Each structure stands twice: as structure tokens, then as C-alpha cells.
Amino acid sequence: MKFFVDTANIDDIAELAATGLIDGVTTNPSLVAKAGRPFTEVIKEICDLVEGPVSAEVVATDYDGMISEGRKLAAIAENVAVKLPLTWDGLKACKTLTGEGTMVNVTLCFSANQALLAAKAGATFISPFIGRLDDINLDGMELISDIRQIYDNYLFDTEILAASIRTANHVKESALAGADVATMPPNVIKSLAAHPLTDKGLATFLADAEKAGIKV
Ligand code: E4P
């Protein structure tokens, strides 16, 4: 499973990229707004920090506007994945931009039928939003499983990018359901390494090593 970090914070991306555990980055207008810097400048900087896909979202809602913004974003760096909303115009723009060789991440997916359309439009990634479905008492993980089955039934190569991940459990369940990628905030990525028994066991080992005078 690939791990993308879901942030536009350069310091967090640099720290995580240095671990070698990160395969890409996703941003959205809300995350870029938090960074408080010019959009294209932030995306360029992120693209220089990571080799993998960096999702940058259009703000136009009509086909022509999406194509024009998508081409500008794609020109920033080779690893830009243009992020388009799952609307009719977004799907049309997806078909055009992927036809030009641009990676496209179709975002704001909340149903299996939407994911099926995105795959038919040639999307590189489909982003089902797990957490936002759970927020309204629907089953985000069931959506991932349904999309996995549909994509496997028809051999679509669109990658399932589990998004709106809020917890370590979401990551485990997405991996079990066969998502290709999980994008998550930096704190969720770091929380994957945490276990109280690891901390307890390490404390005991270190205490015993000190008592015995073990030095490496
Ligand atoms: C993914 O591409 C989105 O940026 C993100 O995962 C949305 O997460 P949220 O629902 O926690 O805002």
C-alpha cells in the first residue's frame, strides 16, 4: 500500500519525506489556505520535496475552466496530479487531461457509481472520502470494498486512494479492503508506529541493559 501525506505544510512534508515512507502528497484548497502562501508556489515546493504524485486541486467548476487550470497545474512539475471534483464537468475534464498524459485524481467520491464513472473517464486515482461518510453515519469502509470489487470485476487500473482518513484504524481497514493508497494527515501517519506494549517493552529492555552494563 502506498502512503500519501494529506497536507500542504512544507515542514511536515519535508520531515516525513526524509523517512522514505511517503509515496506522494495530497492537498486541497482548504489545506493550501491553511498554509497561507501562494498556491502555485506551495505546490512547486512540495513537488521538489517528493518524487511521487502531488495532488493539486482546481477551483473552476466548469469544463473549460478546469482544463485551463488543470493545464497550468500540470505545467508546474511532472509529478503533479490534477485534482478534479466528481461532477459531470470534472469527469469530462478528467478524460481530456488524462488523454494528454496528465495524472488526474478525481476527488469527493461518495458512491460506488461515482467511482465507476471516474474509472471510465480514465482517472489515475479515485478518492473515496471515508471519514466524511462515517461523520454522517454511513459506512466509509464498505465504499472502499465495493469499489475494489467493481474495479477488479472489470480490470480498471484506476488506483483507489482512501481519503478523509482520521484514525489508524481507518488505515488498517483500508489496507484490508484493498485500497491501493491511503492519504492521511501527518499525525495519523505517525500514530501508526505507536503501541503501549512497544513503549513498555522498550523501557524494560533499557532498564535491564543499564543494570547489566550492556554497551553496544
Ligand atoms: C484528500 O485528498 C482530502 O484532501 C482529504 O483526505 C479530506 O479529508 P477531511 O475529510 O478530513 O477534510
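For the structure, see preceding data.
One structure accompanies this document, and this report is about it. (Residues numbered from 1 in each chain as written. Predicted model: local features only at pLDDT ≥ 70, side-chain atom pairs only at ≥ 80, totals over all residues. Heavy atoms only, no water.)

### Regarding the sheet that holds strand β4 (residues 80-85)
Backbone hydrogen bonds are what pair the strands of a sheet, in a parallel or an antiparallel way.
Reasoning step 1: Strand order in the closed barrel made by the 8 strands is β1-β2-β3-β4-β5-β6-β7-β8, with parallel pairing throughout. Here the average twist between neighbouring strands, direction ignored, is 30°.
Reasoning step 2: In this sheet, β4 lies alongside strand β3 (residues 54-57) in parallel orientation, the contact comprising 4 bridges. Directly across from valine 54, in β4, lies its bridge partner valine 80. (Pairing = 2+ DSSP bridges. Helix = DSSP H or I, 4+ residues; strand = E, 2+ residues; numbered from the N terminus. Axes fitted to C-alpha atoms, helices over the stretch in contact; angles between N-to-C directions.)

### Some points on unusual backbone geometry
Reasoning step 1: In this model, leucine 108 sits at a positive phi of 60°, which is unusual for a non-glycine residue.
Reasoning step 2: Tracing the chain through its elements places leucine 108 in strand β5 (residues 103-109).
Reasoning step 3: Despite not being glycine, asparagine 137 has its phi angle at roughly 60°, a positive value.
Reasoning step 4: If you trace the backbone, asparagine 137 turns up in the loop between α7 (130-135) and α8 (140-154).

### Overview of the side chain of serine 164
Reasoning step 1: Residue placement: serine 164 occurs in the loop between β7 (159-162) and α9 (168-176).
Reasoning step 2: A distance of 3.3 Å separates a polar atom in the side chain of serine 164 from a polar atom in the side chain of arginine 166.
Reasoning step 3: Look past the residues within four positions of serine 164 in its chain and what remains in contact with it is Phe129, Ile130, Gly131, Arg132 and His170. (Polar contact = N/O pair within 3.5 Å; in protein donor to acceptor, adjacent residues only side chain to side chain. Contact = heavy atoms within 4.5 Å.)

### Structural notes on the packing of helix α4 (residues 63-74) against helix α5 (residues 88-99)
Reasoning step 1: At a closest axis distance of 9 Å, the pairing of α4 and α5 adopts a crossing angle of 40°. Compared by their axis directions, α4 and α5 come out oblique. Of the two elements, α4 crosses α5, and the hand of that crossing is right-handed. Of α5, the residues touching α4 (which contributes Tyr63, Met66, Ile67, Gly70 and Arg71) are Asp89, Gly90, Lys92, Ala93, Thr96 and Leu97. (Parallel < 35°, antiparallel > 145°, perpendicular 65-115°, else oblique. Left-handed = near helix turned anticlockwise from the far one by under 90°.)

### With respect to the site of the ligand
Reasoning step 1: Near the ligand the following residues occur: Asp6, Thr26, Asn28, Lys83, Phe129, Arg132, Ala163, Ser164 and Arg166.
Reasoning step 2: Interatomic distance of 2.8 Å between a side-chain N/O atom of aspartate 6 and an oxygen atom of the ligand.
Reasoning step 3: Side-chain polar atom of serine 164 to an oxygen atom of the ligand: 2.6 Å apart, as the coordinates give it.
Reasoning step 4: Burial of the ligand by the protein chains amounts to 86% of its free accessible area of 350 Å².
Reasoning step 5: Here the residues of the shell around the ligand sort into 2 nonpolar, 3 polar and 4 charged. (Near = heavy atom within 4 Å. Areas by Shrake-Rupley, 256 points an atom, 1.4 Å probe, with all protein chains shown as cover. Nonpolar A, V, L, I, M, F, W, Y, C, P; charged D, E, K, R; others polar.)

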